[in-house]
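# Analysis of the macromolecular model
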Amino acid sequence: MIYKSLKACVDDLEKHGFLVRIKEEMNPDLEMAEIQRRVYQNQGPALFFEKVKGSPFPAVSNLFGTLERSRFIFRSTLERVKFAMKLGADPSAFFKAPWRFLSIPITGITALPKKVRSGPVLKNRTTIDLLPQIRAWPDEGGSFIHLPQVLTEDPCKPGIMKSNVGMYRIQLLGNNYSPNQEVGLHYQIRRDIGIHHTNALKKGIPLKVSIFIGGPPSHSFGAVMPLPEGLPEVAFAGALNGRRFRYARKNGYIVSTDADFCITGTLVTGDTRPEGPFGDHVGYYDQKHDLPYLKVDSVYHRKNAIWPFTIVGRPPQEDTSFGKLVHEITDPLVATTLPGVEALHAVDAAGVHPLLLAIGRESYTPGKREKPKEILTLANSILGFGHCSLAKYLLITSLPDHQQLDINDVSAFFKYVLERIDWRRDLHFQTQTTIDSLDYSGTAVNEGSKVVLAACGDKQRSLESSLNESFTMLDGFSNPRFALPGVLIIEAPAFTDEISGKTDIKKLTTKLEKQNIPEGIRLIVLTEDSEFATRHLNNFLWITFTRSNPSHDIHGVGSFIENKHWGCTGPLIIDARQKPHHSQPLTEDPKVTAKIDELGKKGGCLDGII
């Protein structure tokens, strides 16, 4: 289906039973977000909110709430785009089956942006305060746009084909922004908009920014795609929609004429405003920081405009479907961009960036795979590749020719690695480096460490799933439970400061050294609540990898340093306790929860929806 507007997509989904309407007025302050979260967790339909309190515009959420629905939205073009990506990754594929690539010329044509003189979005104007003011979590600093398409041009290389469109966080109201005149713009490290901003500052000119909301769904999806160098997001959006990206020039700004809304403005030079807090995709509040902000010029909207939104928070959330579809489309690029890397998986349940799994080729010494060699070289390539550079923990392995391992089966992957890894040699740290801006486990914003855990070769051990009767706990430590075979979770005293934290670890490792821990226990994780951490695999992944900084929080039984290499002879220990400098986890407002519970009961307006 080729959509000319977001409304066309909404009508299509409703026609095919993928969307339900909520006719009663709903509050965008916390209530709509809670409804969205519940429906997503139940893998429910897209939601059309006909009446949004405080706004004349309706809203839609959960468009991409299931992978099935996401594929349905792009059913006419998805395979064509996959073929185009495959051909770009491996041109020889054309000669193997040329008939499969007959649609490539069509895809190429629709990828070319089309300049027009005007369009629907330029027909009407509004103000920031009349837009749906979605606030998702109780301690957020204000209302935010959750599906923005933020377009900028490089002042040194202007033009639509050199533009960048990213999904950068936009705060509409709150903190000390001047209402209707200023909005916050939060972009993270490794983003092209940062290059554009830097070049504008060098030239001493304001950076013009266009924020699109809505339009054909491919436009939102294009803003999150990690695209190859030289392929602009507007081209991908057109190809995925099967319709060229329409744009016009208005007062020096690029405007997506098919969008539902467009906010234009300039980044204020040499000044910042407090932005946040914001409930982010790692499951914690991104704290308040002084960041650039936008001086608003105009707010345009089309007739019958619809406000699309989603909710981010501890995964899985709706953006999980984005991630899965991204993997489907970009898989062919991995082998050519990272030769020797056979599979990658950014683990959504661990907050995406904290944990990355990889399978590589081990061929430096053919026939001998007793210890990692080539996969260590590949690990360095991965950590220098796009957003993979934000990974904090990289687990990488290689497989014998006859063996298969599903990289998306996280439990099986951990089992395979832990059966083979040698903590004396297979840990490789990068200290005092950059990490994700949203990760507060490090030493400062954007500052922390990384570790590569590399394992290959034959199975070295069987993993334990129970403790023998002789195992005893140190005072203050309790309730040991297994999260996975070979992975033991232990409740530890609350972490109050670095000194007492290190003292706790020293006492524990001394005790465990004397206990002769079985070889089948390879990893011990310390937390405040072992029952919660072992209740579900996702809990273990979230706790362990979002609450630890490898250089500071990895310890080991029988640890040593030899020629600047750190290792240990016994189990590895990860201290995943909540630290004083960590951000707070996201929790819902009990009053809002109770209200939505009532609306979901029999006869309530959300009966059968939540």
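Remember, it's a predicted structure, so these values are computed and weren't measured experimentally.

Moving on to the environment of Leu 508. Here Leu 508 shows up in helix H13 (residues 498-515). On a C-alpha basis, the gap between Leu 508 and Gly 476 in space is 9.8 Å, while along the polypeptide they are 32 residues apart.

For the rest of this paragraph, the subject is the sheet that holds strand S26 (residues 478-484). Strand order in the open sheet made by the five strands is S26-S27-S28-S32-S29, with mixed pairing throughout. The sheet terminates laterally at S26 and strand S29 (554-556), the two strands that pair on one side only. The average angle at which neighbouring strand axes cross in this sheet is 25°, direction not considered. Where strand S28 (residues 523-527) and strand S32 (residues 572-575) come together, four bridges link them in parallel fashion. What sits directly across from Ile 524, in S32, is Ile 573. Docked against the sheet, H13 engages S28, S29 and S32, running at close to 155° with respect to S32.

So, about the side chain of Asn 549. For Asn 549, the location among the structural elements is in the loop between helix H15 (537-546) and helix H16 (550-553). Side-chain polar atoms of Asn 549 contact the side chain of Ser 449, separated by 2.5 Å. Among residues more than four places away in sequence, those in contact with Asn 549 are Ser 441, Gly 442, Thr 443, Gly 448, Ser 449 and Ile 554.

What follows concerns the pairing of strand S13 (residues 253-256). Residues Tyr 253 and Val 255 point to one face of S13 and Ile 254 and Ser 256 to the other, with burial holding for every one of them. Count of turn residues in the strand S12 (residues 246-250)/S13 antiparallel hairpin: two residues, of which Asn 251 carries a positive phi of about 55°.

The next subject is the nonpolar core. Core analysis: the biggest nonpolar cluster contains 47 residues, and Phe 49, Leu 185, Ile 263 and Trp 307 have the highest contact counts within it. In this structure, Ile 263 is in contact with Ile 128, Leu 131, Ile 145, Leu 172, Val 209, Ser 210, Ile 211, Ile 213, Val 296, Ser 298 and Val 299, ignoring residues within four places of it in sequence. Grouped together as the second largest cluster of nonpolar side chains are 44 residues, Val 347, Leu 395, Trp 542 and Ile 543 included.

It is worth spelling out the confidence of the model for the protein at this point. For the protein, the average pLDDT comes to 92, and 95% of its residues sit at 70 or higher. Confidence drops under pLDDT 50 across residues 92-102; counting only partners more than four residues distant or on other chains, this segment forms eight contacts.

A few words now on the packing of helix H2 (residues 31-41) against helix H17 (residues 590-599). When two helices pack together, their arrangement is given by the angle between their axes and by how far apart the axes lie. Packing of H2 against H17 brings their axes to within 10 Å, and their N-to-C directions diverge by 65°. Considering only the axes of H2 and H17, their crossing is right-handed. Across the interface between the two elements, Glu 31, Glu 34, Ile 35 and Arg 38 from H2 touch Val 592, Thr 593, Lys 595, Ile 596 and Asp 597 from H17. A class-by-class count of the residues in the contact of H2 with H17 yields three nonpolar, one polar and five charged.

Basis of the calculations
Residues numbered from 1 in each chain as written. Predicted model: local features only at pLDDT ≥ 70, side-chain atom pairs only at ≥ 80, totals over all residues. Heavy atoms only, no water. Helix = DSSP H or I, 4+ residues; strand = E, 2+ residues; numbered from the N terminus. Pairing = 2+ DSSP bridges. Axes fitted to C-alpha atoms, helices over the stretch in contact; angles between N-to-C directions. Contact = heavy atoms within 4.5 Å. Polar contact = N/O pair within 3.5 Å; in protein donor to acceptor, adjacent residues only side chain to side chain. Buried < 20%, exposed > 50% of the residue type's maximum accessible area, 1.4 Å probe, protein only. Core = buried A, V, L, I, M, F, W, Y, C linked by side-chain atoms within 4.5 Å. pLDDT = per-residue confidence, 0-100. Left-handed = near helix turned anticlockwise from the far one by under 90°. Nonpolar A, V, L, I, M, F, W, Y, C, P; charged D, E, K, R; others polar.

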